[in-house]
Amino acid sequence: MLHQQIDQKLSEKEAWALRRQLGIPNNKRLWVLACMDERLPVEKALGISEGDAHIFRNAGGLVTDDAIRSAMLTTQFFGTKEIIVINHTECGMMTASGDLLSEILLKRGINIDEVSIDPALPELKLSKGVFSKWIKTFTDVDEVCLKQVELLQSSPLIPQDVVVNGYIWEVETKSLRRPYQRLSQKVNTAKDMANKTTANSHHTPQAV
């Protein structure tokens, strides 16, 4: 009956709006750590939809203090059981070193040894000389992806039964892959195929 359809829609709307109060986790009990780059379409890459995951994005898709803060909340209090890290090729965090970026900021009149890293908590300051490391640039996207997985797995703020995995989004192919597993490097060339054909011809099974 019509009133049942209306009531069902109203119940669904209430559950959506009040899911934190009602203790309803996201649909896939999933937290995603990803780079903020606009070339990385997180939902499309993972095949997920609205409501399926808590998504945290920052420069590089890196484990920072605020990433740990969010990961802790979603896994300890919001029912999340899985974490996926997505880094990507051609990342802007590989274009310069932390030292170079710090030098540029200094030339712009910013005292990087005195600046507060959290405006709401001015007492939080980095030790002198740490700012360049705090920026967290890197040179190898595959290596850094595995490192982020390791950092999340070893954090005492994240339950040990939470499953953590990492993937690379290739902006050039618009597809996911595992770290250090480039499919293009496994595809045979014509020369490879010819060599295999020749090798096989030398091992023709004999009739019995």
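Summarised in this report is the structure supplied together with it.

Calculation rules
- Residues numbered from 1 in each chain as written.
- Predicted model: local features only at pLDDT ≥ 70, side-chain atom pairs only at ≥ 80, totals over all residues.
- Heavy atoms only, no water.
- Helix = DSSP H or I, 4+ residues; strand = E, 2+ residues; numbered from the N terminus.
- Rg over C-alpha atoms; globule rule 2.2 N^0.38 Å.
- Buried < 20%, exposed > 50% of the residue type's maximum accessible area, 1.4 Å probe, protein only.
- Contact = heavy atoms within 4.5 Å.
- Areas by Shrake-Rupley, 256 points an atom, 1.4 Å probe, with all protein chains shown as cover.
- Lys, Arg positive; Asp, Glu negative; His and termini not counted.
- Charge placed at Lys NZ, Arg CZ, Asp CG, Glu CD.
- Pairing = 2+ DSSP bridges.
- Axes fitted to C-alpha atoms, helices over the stretch in contact; angles between N-to-C directions.
- Patch = residues over 30% accessible without salt bridge, like charges linked within 9 Å, V, L, I, M, F, W, Y side chains within 5 Å.
- Salt bridge = Lys/Arg side-chain N within 4 Å of Asp/Glu carboxyl O.

Structural notes on the overall build of the protein
Okay, step 1: Per the secondary structure count, the protein includes seven helices and five strands.
Okay, step 2: Ordered by position from N to C terminus, the α and β elements of the protein give α-β-α-β-α-β-α-α-α-β-β-α.
Okay, step 3: Since a compact globule built from 208 residues should have a radius of gyration of about 17 Å, the 24 Å found for the protein marks it as more spread out than a globular shape.
Okay, step 4: Counting only C-alpha atoms, the protein reaches 80 × 70 × 30 Å along its principal axes.
Okay, step 5: Residues classed as buried in the protein amount to 32% of the 208 residues present.
Okay, step 6: Across the protein, contacts joining residues at least 24 apart in sequence account for 68% of those joining residues at least 6 apart.
Okay, step 7: When the accessible surface of the protein is summed, it comes to about 13900 Å², and 54% of that surface belongs to carbon and sulfur atoms.
Okay, step 8: Considering the protein, the positive charge centre built from 25 side chains and the negative charge centre built from 26 side chains are found 3 Å apart.

Remarks on the sheet that holds strand 2 (residues 53-58)
Okay, step 1: Overall, mixed pairing links the five strands, which are arranged 2-1-3-4-5 in an open sheet. Both edges of this open sheet fall to strand 2 and strand 5 (175-177), since each of them pairs with a single strand only. For this sheet the average axis-to-axis angle between neighbouring strands, irrespective of direction, equals 25°.

Here's the deal with the environment of Gln-185
Okay, step 1: Secondary-structure assignment places Gln-185 in the loop between strand 5 and helix 7 (190-201).
Okay, step 2: Taking C-alpha positions, Gln-185 is 41 Å from Gly-129, a pair spaced 56 residues apart along the chain.

Some thoughts on unusual backbone geometry
Okay, step 1: Non-glycine residue Lys-136 carries a positive phi angle of around 65°.
Okay, step 2: With respect to the secondary-structure elements, Lys-136 resides in the loop between helix 5 (131-135) and helix 6 (141-154).
Okay, step 3: If you check the backbone angles, Tyr-180 has positive phi at about 65° while not being a glycine.
Okay, step 4: Within the fold, Tyr-180 resides in the loop between strand 5 and helix 7.

Focus: a nonpolar patch on the surface
Okay, step 1: A grouping of Leu-2, Ile-6 and Leu-10 is seen on the molecular surface, where their side chains present a nonpolar patch of about 300 Å² in accessible area.
Okay, step 2: Positionally, Leu-2 belongs in helix 1 (residues 2-17).

Here we look at the pattern of salt bridges
Okay, step 1: This structure, assessed with the given rule, holds eight salt bridges.
Okay, step 2: Across the pair Asp-37 and Arg-39 runs a salt bridge, and its minimum N-O distance is 2.7 Å.
Okay, step 3: With a relative accessible area of 12%, Asp-37 lands in the buried category.
Okay, step 4: Between Arg-69 and Asp-66 there is a salt bridge, with its nearest N and O atoms 3.1 Å apart. In this pair, Arg-69 and Asp-66 both sit in helix 3 (residues 65-76), three residues apart, roughly one turn of the helix.
Okay, step 5: Take Asp-66: its relative accessible area is 34%, and that puts it in the partly exposed class.
Okay, step 6: Residues joined by salt bridges that share partners form a network here, namely Asp-142, Glu-170, Arg-177 and Arg-182.

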